[in-house]
Amino acid sequence: MYASWTVRHKPKTLGEIIGNPQAIADLVSWLRSWEQGIPKKRAALLYGPPGIGKTVTVEALASDWSLELVEKNASDYRTEEAVRTFAGLASQYGTLFGKKRLVLFDELDGLTGREDRGGVGAIIKVVKQARCPIVLIANNAYNPRLSSLRFYCLLIQFKKPNVRSVAKRLRQICQREGIEPEEEALKFIAQRSQGDVRSAINDLQALAQGKQQLTYEDVSWLAYRDRKDAIFNVLRLIFYSKSCDAAKSAVDMADVDHNMLFEWIYENMPYHLRDLEDLARAMESLATADLYRSRIRQTRNWKLTRYVVDFMTAGVAVAREKTEPAGFVPLRFPERIKTLSRTKKERQTKSKIGWKIKRRCHISAAEAITEFLPYLRVIFENNAGMASGIAKWLELDDAMVEYLAGTKKQAKAIVKAD
Ligand SMILES: Nc1ncnc2c1ncn2[C@@H]1O[C@H](COP(=O)(O)OP(=O)(O)OP(=O)(O)O)[C@@H](O)[C@H]1O
Ligand SMILES: [Mg+2]
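If you're wondering where the values come from, they're calculated on a predicted model, not measured in any experiment. (Residues numbered from 1 in each chain as written. Chains lettered and ligands numbered in written order. Predicted model: local features only at pLDDT ≥ 70, side-chain atom pairs only at ≥ 80, totals over all residues. Heavy atoms only, no water.)

## Some thoughts on the site of ligand 1
Reasoning step 1: The immediate surroundings of ligand 1 are formed by 18 residues, with Thr6, Gly51, Lys54, Thr55 and Val56 found nearest.
Reasoning step 2: At a separation of 2.8 Å, an oxygen atom of ligand 1 approaches a polar side-chain atom of Lys54.
Reasoning step 3: At 2.8 Å from an oxygen atom of ligand 1 is found a side-chain nitrogen or oxygen belonging to Thr55.
Reasoning step 4: Grouping the constituent residues of the shell around ligand 1 by class yields 8 nonpolar, 6 polar and 4 charged.
Reasoning step 5: Inspection of the shell around ligand 1 shows a minimum of three residues originating in each of domain 1 (20-157) and domain 2 (163-224). (Near = heavy atom within 4 Å. Polar contact = N/O pair within 3.5 Å; in protein donor to acceptor, adjacent residues only side chain to side chain. Nonpolar A, V, L, I, M, F, W, Y, C, P; charged D, E, K, R; others polar. Domains from an automatic or database assignment.)

## Remarks on the domain arrangement of the protein chain
Reasoning step 1: With domains assigned, the protein chain is organised as domain 1 (20-157), domain 2 (163-224), domain 3 (228-337) and domain 4 (344-417).
Reasoning step 2: A separation of 41 Å is found between the C-alpha centroids of domain 3 and domain 4.

## Let's talk about the pairing of strand 1 (residues 43-47)
Reasoning step 1: Counting buried residues along strand 1, 5 of its 5 residues qualify, which places the element largely inside the surrounding structure.
Reasoning step 2: Across 5 bridges, strand 1 lies against strand 4 (residues 134-138) in parallel orientation. Directly across from Ala43, in strand 4, lies its bridge partner Ile134.
Reasoning step 3: In terms of strand pairing, strand 1 meets strand 5 (residues 153-157) through 5 bridges, oriented parallel. Counterpart to Leu46 in the pairing with strand 5 is Ile156. (Buried < 20%, exposed > 50% of the residue type's maximum accessible area, 1.4 Å probe, protein only. Helix = DSSP H or I, 4+ residues; strand = E, 2+ residues; numbered from the N terminus. Pairing = 2+ DSSP bridges.)

## Here's the deal with the packing of helix 21 (residues 398-405) against helix 22 (residues 408-417)
Reasoning step 1: Their axes nearest at 8 Å, the elements helix 21 and helix 22 cross at an angle of 120°. In terms of orientation, helix 21 and helix 22 fall into the oblique class. In this structure, helix 21 meets helix 22 at a crossing whose hand is right-handed. Together, Val401, Glu402 and Ala405 of helix 21 and Lys408, Gln410, Ala411 and Ile414 of helix 22 make up the contact between the two elements.
Reasoning step 2: Per-class residue counts for the contact of helix 21 with helix 22 are 4 nonpolar, 1 polar and 2 charged. (Axes fitted to C-alpha atoms, helices over the stretch in contact; angles between N-to-C directions. Parallel < 35°, antiparallel > 145°, perpendicular 65-115°, else oblique. Left-handed = near helix turned anticlockwise from the far one by under 90°. Contact = heavy atoms within 4.5 Å.)

## Some thoughts on unusual backbone geometry
Reasoning step 1: Positive phi is not limited to glycine here, since Asn20 has a value of about 50°.
Reasoning step 2: Take Asn20: it is sitting in the loop between helix 1 (5-8) and helix 2 (21-33).
Reasoning step 3: Positive phi, normally seen in glycine, also occurs at Arg300, with a value near 60°.
Reasoning step 4: Turning to its location among the elements, Arg300 is positioned in the loop between helix 14 (276-299) and helix 15 (305-312).
Reasoning step 5: Residue Arg300 is classed as exposed on the basis of its relative accessible area of 55%.

## Brief notes about the side chain of His272
Reasoning step 1: Among the secondary structure elements, His272 is positioned in helix 13 (residues 258-272).
Reasoning step 2: His272 has contacts with Arg236, Phe239, Tyr240, Thr323 and Val329, leaving out every residue within four places of it along the chain.

## Thoughts on the sheet that holds strand 4
Reasoning step 1: Strand order in the open sheet made by the 5 strands is 2-3-4-1-5, with parallel pairing throughout. Among the strands making up the open sheet, the edge pair consists of strand 2 (68-73) and strand 5. Sheet twist, expressed as the mean angle between neighbouring strand axes with direction ignored, is 20°.
Reasoning step 2: Against the sheet, helix 2 contacts strand 1, strand 3 (101-106), strand 4 and strand 5, and its axis sits at roughly 155° relative to strand 5.

## Description of the pattern of salt bridges
Reasoning step 1: If you walk through the whole model with that rule in mind, you get 15 salt bridges.
Reasoning step 2: Of the charged contacts, one joins Arg281 and Asp278 as a salt bridge, the two residues approaching to 2.8 Å between their closest N and O atoms. Of this pair, Arg281 and Asp278 both sit in helix 14, 3 residues apart, roughly one helical turn.
Reasoning step 3: Through salt bridges that share partners, Glu16, Arg169 and Arg176 make up one connected network. (Salt bridge = Lys/Arg side-chain N within 4 Å of Asp/Glu carboxyl O.)

## A closer look at helix 19 (residues 365-382)
Reasoning step 1: Between its terminal C-alpha atoms helix 19 stretches 24 Å, which fits the 26 Å expected from 18 residues at 1.5 Å a residue.
Reasoning step 2: A maximum bend of about 45° is found in helix 19 at Phe372, where proline Pro374 lies one to four positions downstream.
Reasoning step 3: For helix 19, the full list of buried residues reads Ala365, Ala368, Leu373, Leu376 and Phe380.
Reasoning step 4: The secondary structure elements touched by the buried residues of helix 19 are helix 18 (344-361), helix 20 (384-394), helix 21 and helix 22. (Expected span 1.5 Å × (residues − 1). Bend = angle between axes of the 7 residues up to and from the residue.)

## Topic: helix 20
Reasoning step 1: Residues of helix 20 that are buried include every one of Ala384, Ala387, Ser388, Ile390, Ala391 and Leu394, and no others.
Reasoning step 2: Buried-residue contacts for helix 20 involve helix 18, helix 19, helix 21 and helix 22.
Reasoning step 3: The residue sitting at the N-terminus of helix 20 and contributing the capping side-chain oxygen is Asn383; that oxygen lies 3.3 Å from the backbone nitrogen of Gly385.
Reasoning step 4: Downstream of helix 20 by a residue or two, Glu395 has a phi angle that is positive, lying close to 60°.

## Focus: the packing of helix 13 against helix 14
Reasoning step 1: Between helix 13 and helix 14, the least distance of the axes is 11 Å, while the angle of their chain directions is 160°. Comparing the axis directions of helix 13 and helix 14 gives the class roughly antiparallel. Two packed elements cross with a definite hand, and for helix 13 against helix 14 that hand is left-handed. Across the interface between the two elements, Asn259, Phe262, Glu263, Ile265, Tyr266, Met269 and Pro270 of helix 13 pack against Leu279, Ala282, Met283, Leu286, Ala289, Asp290 and Arg293 of helix 14.

## Thoughts on the packing of aromatic side chains
Reasoning step 1: The final tally for this structure, using the stated rule, is 7 aromatic pairs.
Reasoning step 2: Ring geometry for Trp30 and Trp34: centres 6.2 Å apart, planes at 85°, overall edge-to-face.
Reasoning step 3: Centre to centre, the rings of Phe239 and Tyr240 are 6.5 Å apart; their planes meet at 80°, and the pair counts as edge-to-face. Take Phe239 and Tyr240: they sit in the same class, and that class is buried.
Reasoning step 4: The ring of Tyr271 has Arg332 lying over it, and the distance from NZ or CZ to the ring centre is 3.8 Å.
Reasoning step 5: The ring of Tyr403 carries Arg377 above its face, with NZ or CZ at 4.7 Å from the centroid. (Phe/Tyr/Trp six-rings, centres within 6.5 Å; stacked < 30°, edge-to-face > 60°. Lys NZ or Arg CZ within 6 Å of the ring centre and 35° of its normal.)

Below is the structure:
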C-alpha cells in the first residue's frame, strides 16, 4: 500500500512547521492567556489558503502542549445533537485526567446555510459560553456568512510560506526517504506549488518515490503538466467509471491534448487495473486507439479522432471487470514524454548538424543525418586533427562538435588541434 507523504511526513511538533512565525506566535500567546483565566476572545479564527498548515499547526500545538484535542468539522455539525455535544465539550477546560482541552472546529467554509439547523448561530452561542479555548479554521474568514462570528474571534491570518522554506521542507522529506535531491529540482517543485505545501509534497512523492536521486531533469518537464488534480481526476474517471459516457466525458475535463492524455493513460493504467485480464483487455483497447492515431498521422483524416477517444476512454473503462478501485495510487508522469523532453536538445543539435552538412554536400538534411553522421562520429571520436578540419569546413559550433565527439575532453582536443 502506498502511504501519502503528506501524512507520513506530517509535522509532529511546531518546530517542524514552516512559515507563519507571527501567526503561530499569536496563537500561542492567546492560548497562554487562558492560564490567567478566560480571555476576551474565547475563539481564535485561523484563516488562509489551502495546504499551508493551518490544521497541522493546531494538531502540533496540542501535541507539544499535551492538550486533549477534540476535532470537528462542518460535516460533524449537521444535527442538533452534534451541536449539543460540541457545546458540552466546550463547557469544560480540564478533563477528568487533568489534561487541558482544546476544541478545533475545522473547515468552517463547509457550513452551509439552512440545512445545519445549528449553523453559524449555534457556533456563536457555543463560543460565547466556552470555558475552553476554541480554534476555528476557514479558508476565507471574510465569507459574509461568517461575519457575525468574526466579532467573537481573534483573527489570525495564515499566509503561504515562501519558496525557500517550502524547498527546505522538501529537502527534509527527501532526507528521511533516503533521496539525494538537487537544489534546483526542489526549488522548481516549490515554485510551481505557489505556496501550497500539500501539493508540493504530493508532487515530490510522484516524482521521487523509489528513486535515490532527484535531478532537475527529473522534474523540469513538469512544465508539461498543467493541472495535476485535473489529470488525476480524469484518469480515475477513465479507470473506474461504470459507463462509457462518463469515461468519455473525461476527455473534456482534461486540459491536455489527446496524445498527451494517451500517454497518461498508458503510463498509469497498470497501477490501477491490477487484475491481469482486465489490464490485457484495456491494453488491447489502447492499442486499437494507437492504431487510429497512427492512421490519423499518415492520412490527416481527423474524423478518426473520435475512435481514438472512444477506445482510450470508454474502451479502457469497460475493460475493468474484476479490479476494485485502488486506494491511494500516486500519479506517474509519462516516461515516454520524459525521455523526449530530456533528449530534445540532443535531437535539435543533431538536426542542426544535418542542415550544416546539407549546405555543403547538397543532400537532404535527413539523409545527411542517416548517411553521414555515423561516420562523422567515428572520426570525431578518434581523430581530433581530422575532426578539426571538418568542423571548420562545415562551420560547426561548439555544441555540435561536442555532440559528435561524445565527450567534453575529446571536444577540447578537437578545438585545440585547430
Ligand atoms: N507549513 C507547513 N509545514 C510543514 N508541512 C506542511 C505545512 N503545510 C502543509 N504541510 C503538509 O501538508 C499537509 C496538509 O496541511 P494542512 O492540512 O495543515 O493544510 P491546511 O492549511 O489545513 O489546508 P486546508 O485549508 O485544505 O484544510 C500536512 O499534513 C503536511 O504534511
Ligand atoms: Mg485543514
